[in-house]
Amino acid sequence: MTKAADPLDVDFRALHVLMTVHQLRSFTRAAEVLEVNQSAVSYTIKKLRSVFQDPLFVRQARRLQATTRCDDIVRQAERISLEFRQLAAPPDFDPRTVTQKFTIACNFYERVLIIPDIVHALKKEAPLIDLEIIDSSGIGHERLMRNEADLLLGPFERDEPYFFRRDLYRDRYVCLLDPSHPNADGPLGLEDYLGLDHVLVTYGGQWRSRYLIELERMGRELRVALRVPSPAGLELLVTGSELVATVPERLSKAVGKGLRVIDCPVATSIPIRIVWTSLTHRSPLHMWVRELIYRLAARPGASGMISPGGPSRT
């Protein structure tokens, strides 16, 4: 290795690049997530190699592997970054005086069913908080990594240890049909279900519904008559037609006005979760917001609840 560079030349941005490469095991993917040129990532890692006098990453069997020293540095970098964030927070946390910005990434389902209660509760208990709701689409975890969002809300799964998650509840699928539909009186068997003309919600191609994944596992598929990018306006498409739409049960109460709701014969469920990163895991504000959301989801009378549980690594 060359002569060590001055450690004081390393800033939090450089450590964030290191943590991102370590998590994704790819300079190219890290550059995409961080929205910088790959050369900028390579330059930062080269600089850190000089500072720490270690290669940090090596290629084995065509895959990028972190050295033992790199693993230790990343663990310490995560701790240091978190402690600095906590240092920048008010010493005595009081939600009524918080003026920080807090961003939640989610999609249509959560914006219709969960976000309104969260907004009302936050504005009541933390009236000065700068709250923003953004679209997560299929890049919610990347938005967490890029610090574009503080919390991800929805049916999302990732296996990397960089993320934490907590289950709020489980929803199940139901079918929406016009009351005059021949199958509207139910129950609906699988063969009858597969023989119907379906409105398929594609979510812009960014996410696949779990009932579709289960059908694929079974080697079966729907007869799709129409594809739409969002559940918004489904009732207008199904009303007066012989189309059927499959949606989560809770969402059916918002988009199924005037329609018949019957059980979907594909046995699967949707876990609704909150997801965050290790950088905000112990932040007082973030911990308080997460607990507030969990309290709202666990209120008496809420349907489809799962047993309460603590956070887990994804």
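Residues numbered from 1 in each chain as written. Predicted model: local features only at pLDDT ≥ 70, side-chain atom pairs only at ≥ 80, totals over all residues. Heavy atoms only, no water.

Q: Would you mind showing me how to read the overall build of the chain here?
A: Across its full length, the chain carries 12 helices and 12 strands. Dimensions of the chain along its principal axes, counting C-alpha atoms only, are 80 × 50 × 30 Å. Out of the 314 residues belonging to the chain, those deemed buried represent 47%. When contacts within the chain are restricted to residue pairs at least 6 apart in sequence, those whose partners lie at least 24 apart make up 77%. Just so you have it, the chain exposes about 16,100 Å², and 51% of that area is on carbon and sulfur atoms. (Helix = DSSP H or I, 4+ residues; strand = E, 2+ residues; numbered from the N terminus. Buried < 20%, exposed > 50% of the residue type's maximum accessible area, 1.4 Å probe, protein only. Contact = heavy atoms within 4.5 Å. Areas by Shrake-Rupley, 256 points an atom, 1.4 Å probe, with all protein chains shown as cover.)

Q: Looking at this model, I keep getting lost on the packing of aromatic side chains. Mind explaining?
A: When we look at a pair of aromatic rings, we describe it by the centre distance and by the angle of the planes. Per the stated rule, a full pass over the model turns up 3 aromatic pairs. Ring geometry for Phe-164 versus Trp-276: centroids 6.0 Å apart, planes at 10 degrees, classification stacked. With Phe-164 in strand S6 (residues 163-177) and Trp-276 in strand S11 (residues 269-277), this residue pair connects regions lying 112 residues apart in the sequence. For the pair formed by Phe-164 and Trp-276, the shared burial category is buried. (Phe/Tyr/Trp six-rings, centres within 6.5 Å; stacked < 30°, edge-to-face > 60°.)

Q: Would you mind going over helix H9 (residues 210-218) with me for this structure?
A: Within the sequence span of H9, burial applies to Tyr-211, Leu-212, Glu-214 and Leu-215. An end-on view of H9 places all buried positions within 160 degrees of arc, on one side of the element. For H9, the exposed residues lying more than 90 degrees away from the buried face are Glu-216 and Arg-217. Considering only its buried residues, H9 is in contact with S6, helix H8 (190-194), strand S7 (197-201) and strand S9 (243-248). A positive backbone phi angle near 75 degrees is found at Gly-219, which sits one or two residues after H9. (Arc of directions from axis to C-beta.)

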